[in-house]
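Structure at a glance
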Amino acid sequence: MTTSTTRWHNWAGNVLASPSGRSDPTTVAEVTGVVTAAAERGSRVKCVGAGHSFTPAAATDGVLISLDDLTGIESIVPTRDPEGNVDGADVTVWAGTRLHRLGPLLWDLGLAQPNLGDFAEQSLAGAVSTGTHGTGRTAVGLPATVVGLQIVTADGSVLDCSREADPDVFEAARLGIGAIGIITKLTIHCVPAFALSAEEHPWTLTAALADLEGFASSADHAEFFWFPHTDAVTVRRNTRLPGDADLRPLGRIRELFADEFLSNEAFGALCRTAARRPTLTPRLNRVAARAMSARAYTDRSYRVFASPRRVRFREMEYAVPVAAATGVLGDLRDMIDRTGVVTPFPVEVRFAAADDVWLSTAYRRDVCYVAVHQFHQMDHTELFRSAEEIFLAADGRPHWGKMHTRTAADLSATVPHFDDFVSVRDRLDPDRIFANQYTEQVLP
């Protein structure tokens with residue numbers, strides 16, 4: 001089960017590690033055995049999903065555990081609203097289940113996750129542990145949908161946690177950046193299956209900033225992508241429909257052309273050109289913006305939320321208060337124009353409702369997520385440094401799975417339950433079995 005391994009890298013290629021071994025357990029008992037054996041040797045352990053974090057959250061020089069063989073749905077318990085009507089179900093899912101596999105499984109049961117991000121390759125545990133979110137003014141991120149979880153701690157104990165059982169461990173572990181233990185299964189609240197009516201069309205940043213809060217409320221799930229060095233944006237508005245609504249998915253040829261050719265093949269070629277000749281980037285962005293034509297379709301929710309991402313990049317994302325977002329985006333535009341820094345990647349703007357998850361970037365406040373990207377063959381340093389200054393000036397909180405420079409000293413004063421989280425971590429992992437470079441940066 002545990003074998004030696006070669007160097008590991010994340011999806012973006014910006015994080016490298018040399019684990020001493022790799023384990024692919026198929027049972028909770030095997031996970032416990034790996035953790036216990038590593039602790040006895042004085043070795044560290046980290047769990048990895050799809051490796052989609054841009055931070056070194058999963059990197060280790062110890063044993064790297066993959067839960068790709070611990071997948072599927074274990075149980076379903078219907079839930080009811082205050083009037084006694086069934087309003088969904090609490091579904092217990094094994095932690096290694098990839099989101100792109102979970103969506104169809106839930107659909108066949110008449111269920112769906114209420115919101116998703118735009119990358120479906122993540123494992124459920126990895127997505128939850130780093131604070132993955134989608135967009136929607138009234139929609140919360142994935143950790144806030146967790147109502148229970150099972151975790152293997154540093155001494156090999158297996159804890160089943162919820163708001164009622166070990167509530168402090170539950171609150172810490174449902175967004176734990178891998179520092180609390182290894183999640184082996186999660187119980188998530190799912191809603192009745194629903195379709196999404198998707199509308200995409202060109203717009204302008206000037207128009208969006210004229211009433212950003214109005215735009216955020218213009219659909220159940222609204223977002224836009226701004227092409228730096230231009231005023232062009234591509235808008236996406238997704239409106240929820242009943243699960244039995246007539247579906248009008250994209251035709252296969254149009255899907256291949258838009259999502260595979262334009263968004264991946266052609267866009268990848270554009271990025272490689274920008275990497276060779278950075279001064280062409282503004283012109284290339286104007287070309288990319290014009291290529292994004294309007295389209296409308298209706299499909300199952302999980303098919304609309306996510307799209308294929310094959311062009312590799314690096315990303316920084318901060319959650320800022322919605323009221324500050326217009327100023328942040330204006331400052332970001334001015335900074336790019338003033339400094340001459342270039343990027344062929346759009347800036348992604350999304351929204352989320354406040355939640356009560358301890359380490360959530362949306363803890364107790366509605367937020368606008370602003371994400372800056374850089375093609376992996378281009379230097380991100382100046383763009384990310386300058387953008388982070390703008391985000392911090394607006395009291396932004398960094399996404400735990402995306403690049404940032406915050407440290408424990410900074411975060412302790414800005415994350416309301418930071419000390420509570422650290423207290424749980426100190427109790428469950430006093431010897432730092434689950435520590436790595438990233439936890440040493442963001443936790444004391």
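Scroll up for the structure.
Report follows, based on the coordinates. (Residues numbered from 1 in each chain as written. Predicted model: local features only at pLDDT ≥ 70, side-chain atom pairs only at ≥ 80, totals over all residues. Heavy atoms only, no water.)

**Let's talk about the pairing of strand S19 (residues 367-375)**
When you tally the buried positions in S19, you get 9 out of 9 residues, the bulk of the element. Of the two faces of S19, the one carrying Val367, Tyr369, Ala371, His373 and Phe375 and the one carrying Cys368, Val370, Val372 and Gln374 are both buried. Sheet topology note: the strand S17 (residues 313-321)/S19 ladder contains 9 bridges and is antiparallel. Across the sheet, Tyr318 pairs through a bridge with Val370, a residue of S19. Alignment of strand S18 (residues 347-352) against S19, held across 5 bridges, turns out to be antiparallel. Looking at the pairing, Ala352 lines up with Val367 of S19. (Buried < 20%, exposed > 50% of the residue type's maximum accessible area, 1.4 Å probe, protein only. Helix = DSSP H or I, 4+ residues; strand = E, 2+ residues; numbered from the N terminus. Pairing = 2+ DSSP bridges.)

**Quick word on the packing of helix H10 (residues 322-339) against helix H11 (residues 381-393)**
Between H10 and H11, whose axes approach to 10 Å, the crossing angle comes to 150 degrees. Overall, the two elements H10 and H11 adopt an arrangement that is roughly antiparallel. Of the two possible hands of crossing, H10 and H11 adopt the one that is right-handed. Of the residues in H11, those touching H10 at Val328, Asp331, Leu332, Met335 and Ile336 are Leu383, Ser386, Ala387, Ile390 and Phe391. Split into classes, the residues belonging to the contact of H10 with H11 amount to 8 nonpolar, 1 polar and 1 charged. (Axes fitted to C-alpha atoms, helices over the stretch in contact; angles between N-to-C directions. Parallel < 35°, antiparallel > 145°, perpendicular 65-115°, else oblique. Left-handed = near helix turned anticlockwise from the far one by under 90°. Contact = heavy atoms within 4.5 Å. Nonpolar A, V, L, I, M, F, W, Y, C, P; charged D, E, K, R; others polar.)

**Some words on the side chain of Arg295**
Looking at the element boundaries, Arg295 is found in strand S16 (residues 295-300). Polar contacts involving the side chain of Arg295 include one to the side chain of Glu200, which spans 2.8 Å. (Polar contact = N/O pair within 3.5 Å; in protein donor to acceptor, adjacent residues only side chain to side chain.)

**Focus on the pattern of salt bridges**
Under the criterion given, the structure shown has 22 salt bridges. The partner of Arg22 in a salt bridge is Asp24, and the shortest N-O contact between them spans 3.4 Å. Taking the relative accessible area as the measure of exposure, Asp24 reaches 28% and is therefore partly exposed. Across the salt bridge formed by Asp118 and Arg309, the nearest N and O atoms sit 2.6 Å from each other. Here Arg309 lies in the loop between helix H9 (301-305) and S17 and Asp118 lies in the loop between strand S9 (111-112) and helix H3 (124-129), a separation of 191 residues in the sequence. Members of the salt-bridge network, linked through shared partners, are Glu315, Glu317, Glu348, Arg350 and Lys402. (Salt bridge = Lys/Arg side-chain N within 4 Å of Asp/Glu carboxyl O.)

**Side note on a positive patch on the surface**
Residues Arg277, Arg283, Arg286 and Arg290 make up a contiguous surface patch of positive charge. Within the fold, Arg283 resides in helix H8 (residues 281-291). A residue is classified by how much of its surface remains accessible, and Arg283, at 55% relative accessible area, is exposed. (Patch = residues over 30% accessible without salt bridge, like charges linked within 9 Å, V, L, I, M, F, W, Y side chains within 5 Å. Areas by Shrake-Rupley, 256 points an atom, 1.4 Å probe, with all protein chains shown as cover. Lys, Arg positive; Asp, Glu negative; His and termini not counted. Charge placed at Lys NZ, Arg CZ, Asp CG, Glu CD.)

**Re unusual backbone geometry**
Even without glycine at this site, Arg364 takes up a positive phi of about 60 degrees. Mapped onto the elements, Arg364 comes out in the loop between S18 and S19. Its relative accessible area of 59% is what places Arg364 among the exposed residues. With a phi close to 60 degrees, Asp395 is a non-glycine residue in the positive phi region. In this structure, Asp395 sits in the loop between H11 and strand S20 (397-398). Classification of Asp395 as partly exposed rests on a relative accessible area of 41%.

**Section: the environment of Arg163**
Relative to the helices and strands, Arg163 is located in the loop between strand S11 (158-162) and helix H4 (167-173). The partly exposed category is assigned to Arg163, whose relative accessible area is 42%. Taking C-alpha positions, Arg163 is 27 Å from Ala58, a pair spaced 105 residues apart along the chain. Ignoring sequence-local partners within four residues, the contact set of Arg163 consists of Phe170, Glu171, Arg174 and Asp356.

**With respect to the sheet that holds strand S13 (residues 194-204)**
Overall, antiparallel pairing links the 8 strands, which are arranged S16-S13-S15-S14-S18-S19-S17-S20 in an open sheet. Two strands close off the open sheet at either side, each with one partner strand: S16 and S20. Contacts from H11 reach S17 and S19 within the one sheet, and its direction differs from that of S17 by about 10 degrees.

**Brief notes about a negative patch on the surface**
A contiguous patch of negative charge, built from Asp166, Asp168, Asp419 and Asp420, is present on the exposed surface. Within the element layout of this structure, Asp168 appears in helix H4. Here Asp168 falls in the partly exposed class, since its relative accessible area comes to 41%.

**Considering H8**
Listed in full, the buried residues belonging to H8 are Thr281, Leu284, Asn285, Ala288 and Ala289. Around the axis of H8, the buried residues are gathered within 140 degrees of arc, so they sit on the same side. Relative to its buried face, H8 has exposed residues pointing more than 90 degrees away, namely Arg283 and Arg290. (Arc of directions from axis to C-beta.)

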